[in-house]
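What follows is the residue order along each chain.
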Amino acid sequence: MENIKERIDYLRQKLEQYNYEYYVLDNPSVSDQEYDRLMQELVALEHDYKEYDDISSISKRVGGAVSKEFEKIKHKRLMLSLGNAFNEDDLYDFNRKVCESIAKDKVEYVCELKIDGLAMAVQYQNGVIDYGATRGDGEVGEIVTNNVLTIQDIPLKVDEMKEFEVRGEVFMSKAVLEKINNERKLTGEPLLANCRNAAAGSIRQLDSKIAAKRHLENFMYYFVNASEFGIKKHSDALLALKKMGFNVNPHYRICHDIEEVIDYIKEYTQLRDDLPYDIDGIVIKVNDMETYNTIGYTQKTPKWAIAYKFPPKEVLTRVKDIIFTVGRTGRITPNALLEPVRVQGSVIQRATLHNEDFVKDLDLRINDYVYIRKAGDVIPEVVKVELSRRDETTIPFEMSKTCPICGSTLIRKDGESAHYCVNPNCDKRNIEKIIHFASRNAMNIEGLGDKICEEFYNIGVLSDIVSIYYLEDKKEDLKRLEGYGEKSITNLIGSIENSKQNSLEKLLFGLGIKEVGTKSAKILSQRFLNLEKLMEASYDDLVAIKDVGEVMAKSIISYFKSEENRNMILQLKFLGVNFDYKGERIDYNSFFSGKTIVITGSFKDFSRDQLTLILESKNAKVTNSVSKKTDLLICGEDSGSKLTKAQTLGVKIMYEEELLSKINDEN
Ligand code: IVH
């Protein structure tokens, strides 16, 4: 019985923690399934052992629970996101592609503030809201109508009776966030990290009374089926939205060319902090909506719009210490331990310093003041040292000579900036290898997260990758651990068993071969289709692949040469781990393989996007504009300047009929 009580307490405490990570930090450390699993276990235990049930249990707090109970909906039209621009070059590049695709010298744009909240689609039918849905994965979102109805800016009724869909951003103002956090401070509740997380967390409350208290706001920025209302320009769509009663951000501006866009960006980079809500960039959209289909789409983004992202904010803090960590390849990374500071909504206490040269180039010492920022808005990094604040307490940096875990002497290979621990039995390396193998992008073993791998290693139930598949034999040892019941062990064993069916690229990435990331693992898997075939590949076979460079090829060869690695792979095979690639196939023997191809005009049998996908599945690179590098122009009806250019440059031209027969021959 004591055990049951402990398990219940453990589950409650874990679920509280996960809720906090999800709603407050917007940074969950477990998957939805894992959360559900623990919640179900808790509900079942509270049901079976009434003496331990408690009305204050997290399981009773529907409003606070991570909701899996919102109904899902397939968006009528995909909810796309936007490509990013980080500097003027990116913007000029975007402009050039837009101009080329519609054969214009300059294009009119609408610039808007990029509100930092969450995207919402609202569908109206017969003059009332039909539903409001989150973006989800772009294809399927969650219906959150009840919470949308709590937002004053979104009208419940409109005069327009025809069906239409609008999209916009739901956000929390800076003032509301501050007010809520002040109240939370008084009650001792955890603070909401930033406006965006606060808005996202509020919308996903099952209890709309909670959402209502959060005072969310909305700006609409996209009238999805505007063309059905005879609207031809995005700026007119914004006016129409305003007229229908929606809130449209007043700061948008029509810009007549890309230079005016850049001026707008400069202006709002200055004004940004004075706005009452957070913005994280500027959205630039082509104004003439009739050109959207010609300009086209990538799989996830329109090519007629782009998001300019503001450079990350830099914040000053002090380096308290520099410590060294060990990665799975034995690579040693110096890390700065910082005086905690808030950067763009989260508290940063640590930043990577990459390697010895990086620290020396920065001229960084312990106790120095440094500027830090979040690279790509996520990983904290040190930008520069504030030398004017350096004093006599600073201590010069010295690269460690030994591994902080096993004490063996570190080596720095020729031509590499990193130091390595080369002791194959270094505990930390072994743990990191197991963690990597089980991680989401690799074998995705639910329930075998970082902490658990480390704990299992330390008590001796895990020793290496192969030992994961023997965990079943260690059930009794696991049961003795705090927080482990029959059910969680069974689930863990189940997910280990499931991982055996993964497609090759997950296994390949999981092996942790230096230089082989998720993308290369996929390319190699598509190429070789089976792990043993890849193991037989020669250096020349590997470098012949476009995305495989010399360094990666050498690393792959040396990995598979190792007796120890080959042995491990044999054992995995013996244990029934799948070695085959199960994803979509790429035809490398195709006529189109390796060719750079431009598509122009319209086709009877395909849309341009379909055609692009077909050609990409034949290993072709499809680009936008004809140049000397183009191998082939595929020409439909009404082709314009691209055909003339291809003829001038002597690029081979293929028409639909020939294209069809080639594709049919190959299938
Ligand atoms: S347009 C196809 N306009 O930014 C149209 N998006 O990175 C796609 N966002 O998911 C969106 N302000 O959540 C657009 N004025 C604005 C925006 C905006 C914020 C968000 C939106 C979108 C994300 C794209």
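Here the residue index of a chain counts from 1 through its sequence in written order. Per-residue local features are limited, in this predicted model, to residues with pLDDT of at least 70; the limit for side-chain atom pairs, both in listing and counting, is 80 or more; totals at the level of whole chains, interfaces and linings are taken over all residues. Derived side-chain values reflect all non-hydrogen atoms in the structure, with water molecules and hydrogen atoms excluded from consideration.

1. A closer look at the overall build of the protein chain
Using the following cut-off: Helix numbers and strand numbers start at the N terminus; a helix is a DSSP run of H or I with at least 4 residues, a strand a run of E with at least 2. Every radius of gyration here is taken over C-alpha atoms, with the globule rule written as 2.2 Å times N^0.38, N being the number of residues. Burial classes: relative accessible area under 20% of the type maximum marks a residue as buried, over 50% as exposed, and values in between as partly exposed (1.4 Å probe, protein chains only). Only the protein chains shown count as cover for residues, and all accessible areas are computed by the Shrake-Rupley method using a 1.4 Å probe. In this charge count, Lys and Arg are treated as positive and Asp and Glu as negative; neither His nor the chain ends contribute. Taken as the charge location is NZ of Lys, CZ of Arg, CG of Asp or CD of Glu.
Across its full length, the protein chain carries 25 helices and 24 strands. Here the protein chain has a C-alpha radius of gyration of 28 Å; the compact-globule value for 667 residues is 26 Å, and the two agree. C-alpha extents for the protein chain along the principal axes are approximately 70 × 65 × 60 Å. Across the 667 residues in the protein chain, those meeting the buried criterion constitute 48%. About 33500 Å² of surface is accessible on the protein chain, with carbon and sulfur atoms providing 49% of the total. In the protein chain, 94 side chains carry a positive charge and 108 a negative one; their mean positions are 1 Å apart.

2. What to know about the packing of helix 21 (residues 550-561) against helix 22 (residues 563-574)
Definition in use: Each axis is a line fitted through C-alpha atoms, and for a helix only the stretch in contact is used; angles between axes span 0 to 180 degrees, taken between their N-to-C directions. An angle below 35 degrees is read as roughly parallel, one above 145 as roughly antiparallel, one from 65 to 115 as roughly perpendicular, and any other as oblique. Residues are treated as being in contact if the distance between any of their heavy atoms lies within 4.5 Å. Residues are sorted three ways: Asp, Glu, Lys and Arg are charged, Ala, Val, Leu, Ile, Met, Phe, Trp, Tyr, Cys and Pro are nonpolar, and all the rest, Gly among them, are polar.
For the pair helix 21 and helix 22, interaxial distance at closest approach is 5 Å and the crossing angle is 75°. Considering their axes alone, helix 21 and helix 22 lie roughly perpendicular with respect to each other. Of helix 22, the residues touching helix 21 (which contributes Tyr559, Phe560 and Lys561) are Glu563, Asn565, Arg566, Met568 and Ile569. Classifying every residue of the contact of helix 21 with helix 22 by side-chain character gives 4 nonpolar, 1 polar and 3 charged.

3. Describing the packing of helix 3 (residues 88-101) against helix 9 (residues 258-271)
The test is simple: Left-handed is the label given to a crossing in which the near helix is rotated counterclockwise from the far helix by less than a right angle, and right-handed is the label when the rotation is clockwise.
Across the interface, helix 3 lies against helix 9 with an axial gap of 10 Å and an inter-helix angle of 145°. Crossing of helix 3 against helix 9: the hand is right-handed. Facing Glu88, Leu91, Tyr92 and Asn95 of helix 3, the residues of helix 9 in contact are Ile258, Glu259, Ile262, Ile265 and Lys266. A per-class count over the contact of helix 3 with helix 9 returns 5 nonpolar, 1 polar and 3 charged.

4. Some remarks on helix 3
How we decide: The span one expects for a helix is its residue count, reduced by one, times 1.5 Å. Any pair of nitrogen or oxygen atoms within 3.5 Å is treated as a polar contact; in protein, a donor-acceptor pairing is required on top of that, and neighbouring residues in sequence qualify only through side-chain atoms on both sides.
Counted at 1.5 Å a residue, the expected span for helix 3 with its 14 residues is 20 Å, and the 20 Å between its end C-alpha atoms agrees. In this structure, the buried side of helix 3 is in contact with strand 2 (83-85), strand 3 (109-115), helix 9, strand 10 (279-286), helix 10 (292-295) and strand 11 (305-309). Its side-chain oxygen 3.2 Å from the backbone nitrogen of Asp89, Asn87 forms the N-cap of helix 3. Just downstream of helix 3, Ala103 is the residue with a positive phi angle, here 50°.

5. Quick word on the packing of aromatic side chains
Selection criterion: Each Phe, Tyr or Trp ring (for Trp, its six-membered ring) is paired with any other whose centre lies within 6.5 Å, and the angle between the two planes then decides the class: stacked below 30 degrees, edge-to-face above 60, tilted in between. Here, a charge over a ring means that NZ of Lys or CZ of Arg falls within 6 Å of the ring centre while also lying within 35 degrees of the ring normal.
Counting across every chain of the model gives 20 aromatic pairs. Judged by centre distance (5.8 Å) and plane angle (65°), the rings of Phe164 and Phe223 are edge-to-face. Residue Phe164 is located in strand 7 (residues 164-171), and its partner Phe223 is located in strand 8 (residues 217-223); the two are separated by 59 residues in the primary sequence. Per residue, the accessibility class of Phe164 equals that of Phe223, and both read buried. Centre to centre, the rings of Tyr559 and Phe560 are 5.3 Å apart; their planes meet at 90°, and the pair counts as edge-to-face. As far as the burial class goes, Tyr559 and Phe560 line up, both buried. Ring pairing ties together the aromatic residues Tyr124, Phe164, Phe223, Phe229 and Phe246, which thus form one cluster. The lysine or arginine in question, Lys662, covers the ring of Phe591, its NZ or CZ lying 4.5 Å from the ring centre.

6. Re the site of the ligand
Definition in use: Working definition: residue near molecule or strand if any one of its non-hydrogen atoms lies within 4 Å of it.
By nearness alone, 13 residues border the ligand, and Glu112, Ile115, Glu169, Tyr221 and Lys285 come closest of all. Within the contact set of the ligand, a nitrogen atom lies 3.2 Å away from a backbone nitrogen or oxygen of Leu113. For the ligand, the accessible surface in isolation is 530 Å², of which the surrounding protein chains cover 90%. Counting only elements with at least two residues in the shell around the ligand, the list comes to strand 3 and strand 10. Residue contributions to the shell around the ligand peak at 4 residues, all from strand 3. The residue inventory of the shell around the ligand, partitioned by class, reads 9 nonpolar, no polar and 4 charged.

7. A closer look at the sheet that holds strand 22 (residues 621-623)
As a reminder, the rule being used: Pairing between strands is defined by DSSP: at least two bridges between them are needed.
The 4 strands are arranged 22-21-23-24 in an open sheet whose pairing can be described as parallel. Of all strands in the sheet, those bounded by a partner on one side alone are strand 22 and strand 24 (652-655). For this sheet, the mean inter-axis angle between neighbouring strands, taken without regard to orientation, is 30°. Inspection of the sheet shows strand 21 (residues 596-600) paired to strand 22 by 3 bridges, in the parallel sense. Opposite Thr596, over in strand 22, you have Lys621 as the bridge partner. Here helix 23 (residues 608-616) sits on the sheet in contact with strand 21, strand 22 and strand 23 (632-635), set at roughly 165° to strand 21.

8. Focus: the pattern of salt bridges
Applied cut-off: Each salt bridge in this description consists of a side-chain nitrogen of Lys or Arg and a carboxyl oxygen of Asp or Glu lying within 4 Å of one another.
Following the criterion strictly, the structure yields 39 salt bridges and no others. One salt bridge in this structure joins Glu163 and Lys76, with 3.8 Å as the shortest N-O distance. One end of the pair, Glu163, is in the loop between helix 4 (145-148) and strand 7; the other, Lys76, is in the loop between strand 1 (72-74) and strand 2, and 87 residues separate them in sequence. Looking at Glu163, the relative accessible area reads 28%, which means it is partly exposed. Lys514 is the partner of Glu416 in a salt bridge, and the nearest nitrogen-oxygen pair spans 3.3 Å. One end of the pair, Glu416, is in the loop between strand 19 (411-412) and strand 20 (419-420); the other, Lys514, is in the loop between helix 17 (504-510) and helix 18 (518-528), with 98 residues separating them in the sequence. On the basis of relative accessibility, which here comes to 26%, the residue Glu416 falls in the partly exposed class. Judged by relative accessible area, Lys514 falls into the partly exposed class, the value being 24%.

9. A look at the pairing of strand 5 (residues 128-134)
Burial of strand 5 is extensive: 5 of the 7 residues sit out of reach of the surface. Across 6 bridges, the pairing between strand 4 (residues 118-125) and strand 5 is antiparallel. Among the inter-strand pairings, Tyr124 is bridged to a residue of strand 5, identified as Ile129. The turn joining strand 4 and strand 5, which pair antiparallel and follow one another in sequence, is formed by 2 residues; a positive phi near 50° is taken by Asn126.

10. Comments concerning the environment of Leu660
Turning to its location among the elements, Leu660 is positioned in helix 25 (residues 656-666). Judged by its relative accessible area of 25%, Leu660 falls in the partly exposed class. Here the alpha-carbon distance between Leu660 and Gly483, two residues 177 residues apart in the chain, equals 61 Å. If sequence neighbours within four positions are ignored, Leu660 has contacts with Asp605 and Phe606.

11. With respect to the nonpolar core
Applicable threshold: Take the buried residues of types Ala, Val, Leu, Ile, Met, Phe, Trp, Tyr and Cys, join any two whose side-chain atoms come within 4.5 Å, and each joined set is a nonpolar core.
Core analysis: the biggest nonpolar cluster contains 70 residues, and Ile282 and Ile284 have the highest contact counts within it. With 6 residues, helix 9 is the largest single contributor of residues to this core. Ignoring anything within four residues of it in the chain, the contact list for Ile284 reads Leu91, Phe94, Tyr109, Val110, Cys111, Val261, Ile265, Trp304, Ala305, Ile306 and Tyr308. Listed in part, the 57 residues of the second largest apolar core include Leu478, Phe509, Val516 and Leu531.

12. Brief notes about the side chain of Lys309
Tracing the backbone shows Lys309 in strand 11. Here Lys309 sits buried without a salt bridge, and the closest side chain of opposite charge, Asp280, lies 4.5 Å off (N-O distance). Every residue in contact with Lys309, bar those within four places of it in the chain, is listed here: Asn84, Ala85, Phe86, Lys114, Asp280 and Gly281.

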